[in-house]
Structure formats: structure tokens, C-alpha cells
Amino acid sequence: MFVPKPLKSLFISFVLLVCLLAIGLSYLLFASLPIENGRQQLTGLSASVTVNADKLGIPSIQANNRNDAFRVLGFLHARDRLFQMDLMRRMSGGRLAEVFGEKAINIDKTQRHYQLNQTAASIVRNLPKNQLAVLSAYVEGVNAFIAQAPILPPEFIALNYRPDAWRAEDSLLVALHMFQTLNGQEQDERMLSVMDKMLSPALVKFLTPDTDQYATVLVGGALSHRPASAIPIADFKQLTSQTIKLAQGAVDTETNIAGSNNWVVAGTKTLDGRAIIANDMHLKLNTPNIWFRAELRYGEYFLNGVTLPGLPVQIVGSNQYVAWGFTNATADLLDLVRLNINPDNNQEYLTPQGWRRFTQQSDIIKIKGGKEIPIELRSTIWGPVSNQPLLEQPVAIKWTALEPNAVDFGLLDMDKVKSVAQAMTVLNQAGGPPQNVVLADSDGHIGWTYMGRFPKRKGFDGLVSLSWSEASSIWDGFIPAEELPRLLDPASGFIATANNRTLGKEYPYIMGYNWALGYRAYRISELLGQNNAITEQDMLQIQLDTRSEIFDFYRDLALKVLNGSANSQIESAIRAWDGHMHSDSKGIALLIAFRSQLAEALFAKVVERCRQSDPDFVYAWREMETPLRALLTQRPAGVLPAQYQDDWDQFILQTLQSSAVNLADKYPQTTIDQLDWKTVNRVSLTHPLSKGLPMLATLLNIDDFNSDGCAGFCIKVLANAHGASERLVVSPAHPEDGILQMPGGQSGHPFSRHYRDQHPFWYAGGITPFTPTESVQTLQFTP
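Predicted, not measured: the structure shown is a model, and the values here were computed from it. Per chain, residue numbering runs from 1 following the sequence as it is written. Where totals are concerned, whole chains, interfaces and linings use all residues; where local detail is concerned, this predicted model gives features only for residues with pLDDT of at least 70, and gives and counts side-chain atom pairs only at 80 or more. In computing side-chain values, all of the structure's heavy atoms are included and hydrogens and water are not.

(A) Structural context of the state of the cysteines. Criterion for a disulfide: a pair of cysteine sulfur atoms at a distance within 2.5 Å. Tallied over the full model, the rule gives 1 disulfide. Between the sulfur atoms of C710 and its disulfide partner C714 the distance amounts to 2.3 Å. Because the sign of the S-S torsion sets the handedness, a value of about -110° for the bond joining C710 and C714 places this disulfide among the left-handed ones. Three exposure classes are used, based on accessible area relative to the maximum for each residue type with a 1.4 Å probe and protein chains only: buried under 20%, partly exposed in between, and exposed over 50%. C714 gets classed as buried once you look at its relative accessible area, which sits at 0%.

(B) Expanded view of the nonpolar core. As used here, the term nonpolar core means buried Ala, Val, Leu, Ile, Met, Phe, Trp, Tyr and Cys residues forming a set that is joined through side-chain atoms within 4.5 Å. Counting residues in each nonpolar core, the largest one holds 132 residues, and the members touching the most others are W291, F326, W399, L439 and F781. By definition, residues are in contact when any of their heavy atoms lie within 4.5 Å. If near-sequence neighbours (up to four positions away) are discounted, W399 is found in contact with Y114, L116, F179, Q180, N183, G184, L333, L334 and W475. By size, the runner-up hydrophobic cluster in this structure holds 77 residues, among which are V194, V251, I570 and V639.

(C) Structural context of helix α4 (residues 105-114). Along α4, the residues classified as buried are I105, D108, Q111, R112, H113 and Y114. Phi turns positive, to about 60°, at Q115, one or two residues after α4. Only DSSP runs of H or I covering at least 4 residues are called helices, and only runs of E covering at least 2 are called strands; the numbering of each starts at the N terminus.

(D) Summary view of the sheet that holds strand β6 (residues 292-298). Strand pairing is assigned whenever DSSP detects at least two bridges linking the two strands. Spatially, the 11 strands line up as an open sheet ordered β1-β30-β2-β3-β6-β7-β8-β9-β17-β18-β22, and their pairing is mixed. Of all the strands in the sheet, the pair left with one neighbour each is β1 (38-41) and β22 (486-488). On average, adjacent strands in this sheet sit at an angle of 25° to one another, irrespective of strand direction. Sheet topology note: the strand β2 (residues 49-53)/strand β30 (residues 777-782) ladder contains 5 bridges and is antiparallel. Bridge pairing links V49 to F781 in β30. Orientation is described by axes fitted as lines to C-alpha atoms, over the contacting stretch for helices, and by angles from 0 to 180 degrees between their N-to-C directions.

(E) Quick peek at the pairing of strand β12 (residues 345-351). Here strand β11 (residues 341-342) pairs with β12 via 2 bridges, running antiparallel. Across the sheet, the residue bridging to I341 is Y349, located in β12. Joining the antiparallel neighbours β11 and β12 is a turn of 2 residues. Two strands pair when backbone bridges link them, and β12 and strand β13 (residues 354-357) are joined in this way by 4 bridges, in the antiparallel orientation.

(F) Quick peek at unusual backbone geometry. Of the consecutive residues T287 and P288, the connecting peptide bond is found in the cis state with omega at -5°. With respect to the helices and strands, the residue P288 is situated in the loop between β5 (276-284) and β6. One non-glycine residue, N405, lies in positive phi territory at about 65°. With respect to the helices, strands and loops of the structure, N405 is situated in the loop between β16 (395-399) and α12 (420-429). With relative accessibility at 44%, the residue N405 sits in the partly exposed group. With a phi close to 55°, A721 is a non-glycine residue in the positive phi region. Tracing the backbone through its elements, the reader meets A721 in the loop between β26 (718-719) and β27 (722-724).

This is the structure in C-alpha cells:
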């Protein structure tokens, strides 16, 4: 083909230009890799600080004092995770649209109505002086990196912006982001308020118990506040429906939450008398991983474990005297206060003192490449006004995170504690997202308690949205720190929690209702009870356990209705199930789908009724298993849709067959009896930019991989990109034998060798030591 010389020259010039641009971009990306060896000046240090890093890039900071240590940690956080930190403060404060454009506007609008920017500023003003000093040093360390970095990390290059200087308020926004992730959701009260309006009290009570057959309570006796109740058959019959109409996602059968497992064993249960803790915190899995491993040594103090980029504290780990681990308390920390608006003046709402004007504030959402959007924020004496009405009525958000002194850096004082009893006092007084904490000390003592602030309700139980216009419904401050529950050295020799209900009715305060199903804690306790010579490796194996007794019930249910039928493939699949959720387990995918469709069908009429009031209603109760099994076991007349004529066997069989057909359609490459769990349970760890820049997905993401594990009904939670963000096992007296795994790697830079180098150990359950290994890089910070 003839190409004119001018066009050929133009084409060659274009190719050369593209090559030069590619070379230039590659240079920028590699040049943005952080310095790991040598000397670095850092203003504000009182003396030189040495940072040794091992082959996984895990730093060991050696400083003269606490402020110097956390100043350097701030620098290292920014060096390795600056974009992650910037994204968290923007998410919390409602400033994503500034870098992502119009697609982030709705997220920003919702976040601005929480008014977390104002809360963060208020918290900073009220921090104790010693905490503020550490925070200030940390902030200066972050800003030192931002100021000195010749080339910023690649995300900033891709999005073409430079991050603002870090402020003390930004660290609080990161803390509040975590608070919102763990304990700041409104959906429970919204769901219950709709149910309270549309269903009978007996039906609501039946559908929302706070207990199950696997309950393992630590304090307060065996009884609960909302025990399982009888099936209100007449009330079910009133929910008439000729056919089952399933709305996609209308029944959340897995109700994934930011959760975790933690447990602790005393010396009486271990091989050589040492006490050991285990902790795996379940969160959404991304690249980079949310946690940053670090060891800090300053003066006589030592800390090792995981930190959260943006915060100057160690989250979980050990100080050589005491080790601790967290699980989300899943407590009820938020109330939606129904507002009565003055019919003669819509700028006023009713309070116990009469009509009062809303506090109003104008704000602006800036949009990348677009116009600014003005937004009006309103507040009440109880909290900010939500941008989402409830049952067509405005509500104010009363949430512990927005209360004075609910968030602080009290965890800093964990560096000083030398016993479980001392640690409990520090944790009970510390602010932050409320957590179950298990502890072990070097003398062999073990314990459990709560960390954080819990509302002390007066005149109501917090289940549904109410008007607080009369003084009968109030928060009477927080539950006093000294009255938070504690358990020390139980006779069993171990303590386990897994977001389940840990308190009985005899404990004088109600902490919540919508607890996770108790099976994980039950299974952990079952395994611990079988072994009196436990080692760190044994604890890790428990973290990797995939037994799921929950589905035994559904296996037996299916086999009973299949008896004598011609569904050989279905029966073969179910009989093949080995009781676990291993990669090679067969039949479990069908049992999971079967359970989900049973729940969707049996609760469809409930959803249908509630959606008459709220089109977005979802039934998502974590103890759903209790009412679901009651219906499937007792099989009352009048509950099923009319076409089944109360023939429960026919209903169960058709649901099973439908589940098999749906799975076969989704996985046509194999038969239902050969469909293994690894084919279904695919996991991807994605970077926030990979959706917007799909051409970089291979570089930014950790590729789709198969895994054993579950969505929440076994100990090894790993499904739907949700699972163990770390696995920690350590005895405070023997940190050298400890284990600490996490997905991805230490660095957030995709060109770094530490971007994904820890991932294979986490994926395979291999051993990565708790303490950093031999140093291969040294960075000296000088004043």
C-alpha cells in the first residue's frame, strides 16, 4: 500500500511522541517510589530516629520519645499510603467530587449532612494536651513528606491534583471514617421503624430476635432481651399474597457487616503455660490493605502490630506485657429523632422547651471540571438533620460519634500498661468505634471488655425512630466507664467473640439487638475446648477453619424432600458436601442458594407489605436464622402462598429445584453435582482507581482468585471481597513466636516490591512473623 511521505513522517513522529510520553510517564512513576535507605531530615525531632525495615518493608522505629516515634510514623504513613489517607479524609468530609467529579456528588452530599468536618474540629479542640502533642507531631511528619516529596505517588499523577497539607482535623476524619464503617449505619433503625408501622408487634418481635441456638454469652446470664418467640400465624395469614414476588436483594440473607473474630487462651490451655490472643478483623478488602504494620520503640516502651494510616495509634498488637485484639461490638449507637415541624413556620421544630429554629449553615461542594454546588445544612439540639426522610418525615441523627469526647486517642496509653487489669481501665476510658477487646498479659492472665462510649438511653429502647419533643426520651450521657462489662480469667481458660451477643439480660444496660449470628463464636469455643496444648500455629489453624454447621440443617431439609425423587444430580451434590467451605467442597454452593431462596420466599410477603411504605425496604436481620428455622421446622398452615395449599414439602422441593436451575444457568460449564466452591467463591482486591482506569487494573488490582471461606457462617470469613484484613496471633511474653498476616503488602505504590509481597502468605495461610525480621534497609531521620 502506498503511503505518501508526509503522512509516513507524521506517523513516525506520532509514534516517537507516544514512546517519549510513555518513557516520561514511566520515569515519573518509578521516580515517585519512596526512599528506603539513607538519611532524611525531619524538622521537630528532639534527636535522631532510626528506621530499620525488613524484607517485607515492615519498619521498626527506634526513637527517644513518643512524639519523635509518631512524628516518624506520620512520615512513613504518608510515604507509603498518602493517597489512601487522602481518600479517607475526603470520603469522611464529603470532598470526593473535588477529585472524581460529578459521579461522587451524591456521596459528598450525604457525608456533608453528617457534618463530620465540624465534629472533627470540635474533637481536636477538646483533646487532652498529651494526646494533642502526639497528634501534632504526627501531622508534622505527614506534612514533611508532602513538602519534601519530589514526585507524588502515582494516583496523584493520574488524577492530576496535589493533596492539601494534612491537618489535625484530618486524622479525626480518618477516625470518624472508621467509626462510620463499623458503627455508623442507619439502616437498622430505618428497617425497624418501617416494620413497626406496617406489621403487628408480634410479627416484628418474631422477625427480630436477638439470640439463636449458638449463643455464647460472656456476662449477664443466659436470658436475652428479645428471645425467640412463637410464630404469629394469624398475623402471617393477614399478609395475603397469591404468588411469591421476589424483589432482588429485598431479603439480605447474609447481612455482611464490618466484623471480626477474636479470642484469647490462658496458660492452662496452652502447650507451655503462655497466654495467647488471636484476632482477624473482617473488612472490605482493597489494594492497598487498610492496615500498615509497624514496630515502635521509644524510651522504655515497645509497640508492635497494625496501625491505620492517618492515625497516631496502634490499633491492635502487643507492648510485650499485654496483647490485645478487637471485634466490632455491633452495638446500637445511633438514633433517628423524628422531627415535628411547626405548621406555621417550617424553619422551626418542636423540643421539650417548645418551638426552636434550626441551626443553618451554608456549604459548598466543589466539583472537578464542573460548577460548585451550594448545600444547606441544618442541625437540631440532638444532631444534624439527615438528608433522607424516614416515613416521609425529617429526622435528626443522634450518634455517639458526633457527641463530645466520643472519639479520642486514648489508645496511646496502651504503651504503658503491664497487666490485663491496667489495660481494661485504659480501654474502658478510650474513645472510638466501640469494640469487644480480648487481652492477655505476660503473667498468663486473660480478659475481655468493651472499649468506647455507649449511650445511656432513658425512656425508650432505641429500636425505632421516635419524637424527642417530650423530655421522656433522652440520652442520659454515656454508660460510665467503670460500669462497662468485664471478664477476667474465666474457669474455661478461654474467651471468644465474633460480633455476637456477649451480654445477657442481667447486665443492667441494653447495648444493642441486631447481633451477628452466634455460630462463629460457638465454633471457636468448640475448637478451643478440644485442645489443652494450644500453640500459635493451632490458633492460626482455627482462624482458617471453614466448618459451617449452619448448612447441616438445610442439607437434611433437602435430603428429606428428595427422598425417592428423580433429582439425582441435586441429591448427589448435596450428599457430596463435606461440611466445610473448602475450595474443593461440592454441594455447598447449592445449599447456600437454597437457604437464600427459602428465606426470600418465606419473607416475601413481609417485604411486600413493608415496601408499601418504603419502596427501598430490605429485611436484613442478622439473627434471621432463628425465625427462618422456626418456620421451616414447625411449618404452620397459612404462611405459604395460596398455590402451595400448605404443602411445605412441595414448596421446599420446588425451591430446591429452582435454586439448582439458577446455579446451572450461572455456571453452565459444569454439572450441579460437580460444581465446587472455588468456582463460585471468587475474590478480587481492587484499587479505588481501577474502575475509572480499567487499562491499569492489572497493575493496580490483585487478580481475581478462588478461595475457601464464607460470607459469615464459618470462622474463615472470605467472600465478596470481604474478609480478614489481618490475622494476628501473639503471646505478649513471646512475640518472637507470633504471627501477623495481611493481604497485599506494606506499600500503596503499585510499582513497589512491597505492593503485594505479603499476599501469598495471607492467601495460603503461611507464616509471616509478628515481629519484623532482619533489617535490609535503614533510614536515619535527623533533626
